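Tertiary structure, described
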Amino acid sequence: MPKQISLGVFEMMNPNNGMPTWTHPLGKGDRYDSVEYWVEVARMLDAADVDFLFFADTYGYATIDGAMPDLVAAHGIQFPGFDPMLLISALARETDRLGFVLTSPTTVERPYATARRFATLDHYTAGRIGWNVVTGSSQATTDDLFGVADSGTHDSRYDVADEFVDVCLELWEGVWEDDALVRDPSRNLFVDPAKLHPIAHRGTHFASSGVFAIPPGPQRSPVLFQAGTSARGRAFAARNAEAVLIQGQSIPKAREHVDDIRAQAVAHGRSPDDVKVVTGVTITVAPTHDEAVALRTELEGLYAVEDAAVIFAGFTGVDLSAFDPSEPLTAIASDQGQTLVDRFVRPGQPVPTVGDVLGDFRLRANRGFQITGDPAEVADELQAIVEGTGIDGIMLEPTFGGPEAFEAFIDLVQPILRDRGLLPATRSASEPTLRERVTGAGTPHLPSAHPGARFRTF
Ligand SMILES: Cc1cc2nc3c(=O)[nH]c(=O)nc-3n(C[C@H](O)[C@H](O)[C@H](O)COP(=O)(O)O)c2cc1C
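Residues numbered from 1 in each chain as written. Predicted model: local features only at pLDDT ≥ 70, side-chain atom pairs only at ≥ 80, totals over all residues. Heavy atoms only, no water.

On a plain count of helices and strands, the protein chain comes out with 15 helices and 13 strands. Against the 2.2 N^0.38 benchmark of 23 Å for 458 residues, the protein chain shows a C-alpha radius of gyration of 22 Å, consistent with a compact globule. Overall, the protein chain is about 75 × 50 × 40 Å in size when its C-alpha atoms are taken along their principal axes. Within the protein chain, counting contacts between residues at least 6 apart in sequence, those at least 24 apart form 77% of the total. (Helix = DSSP H or I, 4+ residues; strand = E, 2+ residues; numbered from the N terminus. Rg over C-alpha atoms; globule rule 2.2 N^0.38 Å. Contact = heavy atoms within 4.5 Å.)

Written as structure tokens, this is what we have:
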């Protein structure tokens, strides 16, 4: 029996999730600013038993030499953008089982503020909330917007993130005993003060002391996600993440990352299974092979090299349009996102030209496996990816920008994956927490092998 995988969806609250496609009749991404639009999407995903809706998010946008290229605004390239966190309680109210994963960077606010929001959402979503911990793409822009003189180097931002997550975990796991909340009018006792344990954190980057003002929700701590496969990113994931989001490019490379993250998790006293890995997949499916290829060709027709160069710069800080396309891309260093650089510049591999990189990035952008075909072909390729990489889940990436890619998958491919046992045969009636759904842990709470469990001192 093949491994059963989790199923997520990748979204962003802007007109184009990735490559500008909103001009196409199928592109509905420009409805991103409508609550009703997202309620429709969430209800559709919930009915189809999708495990989670992930919202990527960033305070920044692509800049080159500190300025926003006109194309960003003109083509709506991950701009403008709303705050997805403010939408979640509305979506949770309209759904029963769908989980929500939100990105929140560790480079903008203090840990207490982040801990407070996720604890509140743990209550409002009945335990269906996850936190994608990022040190932030388009960091340079965010620094300018927040007036941060220096947010450190790529790796030092992960050091700060380790401590940031620790403070949040201490607030969620280490303050309230399970029965501290009494709410007994006859005893005029709302909370038993003897069952509250103030924290007194004084670290290298943060200090936080006092009582966390939010009682534990169903999960206490949101499910911890992470997205970044640089060496330092993987080390961070191995220590902190319960689920890692990758954008697999090839089965061998994804396998290498999966094995490395798991090996490092074991070094942290965790079991390899304690870290689930979910890859992004961009699927173009239609009843016949030719129809799918025609749809994909139509989609690619919308992708412009100029837009690709702007998006690449947004993630890496490197403006490829400043180079001669025939120039070999010997070495580019990025203090922003390294995953993307590592994708093209690999020791012992032939050096691509700037034109090669832009040509590839135009078609794949910052996305995962690109799969096009009829339903059986798509199911076969997904099964090969699951078996070849050891991943635990897939996350559908939009194509034209609206929910059409998800609907096509749900109608055409999901039934095949159910028959093959890769997805649950039926939609269960139970309403588990996100942690139970994504990690398969039999408990809504952080597993005892997670470093955050050390804060449970009572
Ligand atoms: C699936 C996926 C989702 C991501 N979502 C976000 C996001 O929402 N916000 C963000 O700032 N960065 C996001 N990133 C980028 C990462 O935070 C990170 O900058 C990037 O992966 C590079 O990490 P690295 O330098 O450790 O390789 C995402 C990356 C991946 C793979």
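Time to look at the pairing of strand 9 (residues 223–226). The two faces of strand 9 match: Val223 and Phe225 on one face and Leu224 and Gln226 on the other face are all buried. Relative to strand 10 (residues 243–246), strand 9 runs parallel, the two sharing two bridges. The residue of strand 10 that forms the bridge with Gln226 is Val244. (Buried < 20%, exposed > 50% of the residue type's maximum accessible area, 1.4 Å probe, protein only. Pairing = 2+ DSSP bridges.)

Okay, the site of the ligand next. Looking at the ligand, there are 23 residues lining it, with Asp57, His154, Tyr158, Ser230 and Thr339 nearest. A distance of 2.6 Å separates a nitrogen atom of the ligand from a polar backbone atom of Asp57. Considering the ligand on its own, with 610 Å² of exposed area, one finds that the protein chains cover 94% of that surface. Those elements that place two or more of their residues in the shell around the ligand are strand 2 (52–56), strand 4 (129–134), helix 6 (154–174) and helix 11 (338–344). Classifying every residue of the shell around the ligand gives eight nonpolar, 14 polar and one charged. (Near = heavy atom within 4 Å. Polar contact = N/O pair within 3.5 Å; in protein donor to acceptor, adjacent residues only side chain to side chain. Areas by Shrake-Rupley, 256 points an atom, 1.4 Å probe, with all protein chains shown as cover. Nonpolar A, V, L, I, M, F, W, Y, C, P; charged D, E, K, R; others polar.)

Right, let's get into the packing of helix 10 (residues 305–316) against helix 12 (residues 354–364). When two helices pack together, their arrangement is given by the angle between the helix axes and the distance between those axes. Helix 12 packs onto helix 10 with a crossing angle of 95° between their chain directions and a minimal axis gap of 9 Å. Relative to helix 12, helix 10 is oriented roughly perpendicular. From helix 10, Val305, Ala308, Ala309, Ile311 and Phe312 reach across to helix 12, where they touch Val357, Leu358, Phe361 and Arg362. (Axes fitted to C-alpha atoms, helices over the stretch in contact; angles between N-to-C directions. Parallel < 35°, antiparallel > 145°, perpendicular 65-115°, else oblique.)

Before going further, it helps to examine the side chain of Glu177. If you trace the backbone, Glu177 turns up in the loop between helix 6 and strand 5 (181–184). Buried charge without a partner: Glu177 forms no salt bridge, and the closest opposite charge is Lys195, 4.6 Å away. In terms of polar contacts, Glu177 uses its side chain to reach the side chain of His197, at 2.6 Å. Excluding residues that lie within four positions of it along the chain, Glu177 makes contacts with Ala194, Lys195, His197, Arg220 and Phe458. (Lys, Arg positive; Asp, Glu negative; His and termini not counted. Salt bridge = Lys/Arg side-chain N within 4 Å of Asp/Glu carboxyl O.)

Checked against the element boundaries, Glu387 lands in helix 13 (residues 375–389). In this structure the C-alpha to C-alpha distance between Glu387 and Arg255, which are 132 residues apart in sequence, comes to 9.8 Å.

All right, on to the packing of helix 6 against helix 7 (residues 231–240) then. Running from N to C, helix 6 and helix 7 cross one another at 10°; their axes reach a closest spacing of 9 Å. As judged from the angle between their axes, helix 6 and helix 7 are roughly parallel. Contacts from His154, Asp155, Tyr158, Asp159, Ala161, Asp162, Val165 and Asp166 of helix 6 reach helix 7 at Arg232, Gly233, Phe236, Arg239 and Asn240. Across the contact of helix 6 with helix 7, the residue classes break down as four nonpolar, three polar and six charged.

Attention now moves to unusual backbone geometry. Trans is the common state for peptide bonds, and a negative phi is the common state for residues other than glycine. For the bond from Phe79 to Pro80, the omega torsion is -15°, close enough to zero to count as cis. Among the secondary structure elements, Pro80 is positioned in the loop between helix 2 (70–74) and helix 3 (88–93). A positive phi is found at Asn188, a non-glycine position, where the angle reads about 45°. In this fold, Asn188 is placed in the loop between strand 5 and strand 6 (189–191). Judged by its relative accessible area of 71%, Asn188 is exposed. The phi torsion at Arg220 lies on the positive side, around 60°, for a residue other than glycine. The residue Arg220 is located in the loop between strand 8 (207–210) and strand 9 in this model.

Moving on, we get to a nonpolar patch on the surface. Taken together, the side chains of Tyr59, Leu145 and Phe146 make up a nonpolar region of the molecular surface, amounting to roughly 290 Å² of accessible area. Note on placement: Tyr59 falls in the loop between strand 2 and helix 2. A residue is classified by how much of its surface remains accessible, and Tyr59, at 40% relative accessible area, is partly exposed. (Patch = residues over 30% accessible without salt bridge, like charges linked within 9 Å, V, L, I, M, F, W, Y side chains within 5 Å.)

Next up on the list: the packing of aromatic side chains. Applying the stated criterion to the full structure yields 14 aromatic pairs. Ring centres of Tyr37 and Trp38 lie 5.0 Å apart, and the angle between their planes is 75°; on these two criteria the pair is classed as edge-to-face. This pair shows no difference in class: Tyr37 is buried, exactly as Trp38 is. Feature note: the residues Phe118, Trp131, Phe164, Trp172 and Phe206 constitute an aromatic cluster, connected by ring pairs. (Phe/Tyr/Trp six-rings, centres within 6.5 Å; stacked < 30°, edge-to-face > 60°.)

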